[in-house]
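# Notes for the structure review
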Amino acid sequence: MIINNLDHAKRVLESNKNLIIPTETVYGLAGNIYSEEAISNIYELKKRPRNNPLIVHISSSEAMNLVAKDIPDVAYKLAEKFWPGALTLVLNKKDTVSDIITAGKSSVAVRVPNHKTTLELLDLLDFPLAAPSANPFGTISPTSAAHAYRYFEDTVDILDGGKCELGIESTIIGFENETPTIYRLGSLSVEEIEYHLGGIEIKNNDNSSPIAPGMMQKHYAPNTPLLLTDNVYKAIEGNKAKRIGLLLSNSDYTDNEKSTIIIINNKSNKTGAAKNLYSDLHQLDNLNLDMIIAEKWDESGLGKSINDRLTRASYNQKETNEFFTSA
Ligand code: TXA
Ligand code: MG
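Residues numbered from 1 in each chain as written. Chains lettered and ligands numbered in written order. Predicted model: local features only at pLDDT ≥ 70, side-chain atom pairs only at ≥ 80, totals over all residues. Heavy atoms only, no water.

### Considering the environment of glutamate 237
Position of glutamate 237 relative to the elements: it lies in helix α9 (residues 232-237). Sequence separation of glutamate 237 and threonine 25 is 212 residues, and the distance between their C-alpha atoms is 36 Å. (Helix = DSSP H or I, 4+ residues; strand = E, 2+ residues; numbered from the N terminus.)

### A word on the pattern of salt bridges
A complete count under the given rule lists 13 salt bridges for this structure. A network of salt bridges, in which partner residues are shared, links Glu169, Asp308, Arg309 and Arg312. (Salt bridge = Lys/Arg side-chain N within 4 Å of Asp/Glu carboxyl O.)

### Description of helix α11 (residues 302-313)
For α11, spanning 12 residues, the distance from its first C-alpha to its last is 17 Å, which sits close to the expected 16 Å at 1.5 Å a residue. Every buried residue belonging to α11 is among Leu302, Gly303, Ser305, Ile306, Asn307, Asp308, Arg309, Leu310, Arg312 and Ala313, and all of these are buried. Where the residues of α11 are buried, they touch β11 (179-184), β13 (226-229), β14 (243-248), α10 (270-285) and β16 (291-295). (Expected span 1.5 Å × (residues − 1). Buried < 20%, exposed > 50% of the residue type's maximum accessible area, 1.4 Å probe, protein only. Contact = heavy atoms within 4.5 Å.)

### Some remarks on the packing of helix α1 (residues 6-14) against helix α6 (residues 116-124)
Orientation of α1 relative to α6, taken along the N-to-C sense of each, is 55°, at an axis distance of 10 Å. Classified by the angle their axes make, α1 and α6 are oblique. As for how α1 packs across α6, the hand of that crossing is right-handed. Residue-level inspection shows Leu6, Ala9, Lys10 and Leu13 of α1 in contact with α6, the latter providing Thr117, Glu120, Leu121 and Leu124. Looking at the contact of α1 with α6 residue by residue, the class counts come to 5 nonpolar, 1 polar and 2 charged. (Axes fitted to C-alpha atoms, helices over the stretch in contact; angles between N-to-C directions. Parallel < 35°, antiparallel > 145°, perpendicular 65-115°, else oblique. Left-handed = near helix turned anticlockwise from the far one by under 90°. Nonpolar A, V, L, I, M, F, W, Y, C, P; charged D, E, K, R; others polar.)

Following this line, the structure appears as structure tokens:
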């Protein structure tokens, strides 16, 4: 059921049931961090491997101390600058945080989401909420209550908070010997972080032993094969697919004589493209297309994060190859 009532939301969570909550990045599948039942159910509902830890959502930076210890000064500095917001900090965990949440790690991921309804809800509760994105493992994240409903129907109540303002998951930062390192690119751009901290290392692609296991290569994937290219004309020319969805960053492709082409053009607007990225993919994926062709962005600002998600969504490139005459 899609709900609007905060008292109802509070009762659901206090009875150790799960609730889908809005955030400014994507919708999250939430549960009381102190309830083993609620946390176990998150993994069951998502079919998520138990080695992939969850993010803990708190109502303000003061609550960091509930779940984390030995917090480095630079983490406080980042929290002060960017919370509430699309930044997740990986900190040393306190013993009170269960190993199921952290997948046995000695660290815990924490953030204060920037969404009015969810902040109000967190204030009403006397426990933080663990919440991964509200989608089955490996699929496209939900950025509206309707997306989440399509995945979970009436198995979990959904608190409606409208369309997510940012549309891509939070940026994750960990501290190695107190040196900040980006583990996952996200809605907070590298440039914004560097503006306050100076140069920062990015360890976003370590697939063999992922620090943030959600960074495994195939992720955020539509069912329709997706090709990521920086030359849309060439990708369409050598292509046998009859029904194509085109997700453009800035080209003006209009020719649709050859195939049925559905075009979504973001016209160089990165903020808008990030906000709409998952809803565009959900939309194209529901049209029974042969393939989706997405045009790469330049790597500055949010372009880097959008390209990261599109690269992971295009991991089934082998399937897309069959549409090329010269594969
Ligand atoms: O924007 C977001 O971060 C959304 C909203 C709901 O807050 N949440 C989200 O959660 O994207 P999820 O579970 O889809 O992704 C969490 C990521 C995973 O890649 C996980 O591996 C990483 O956070 N993570 C969690 N705890 C960690 C830890 N202790 N150390 C390193 N990575 C961790
Ligand atoms: Mg996720």
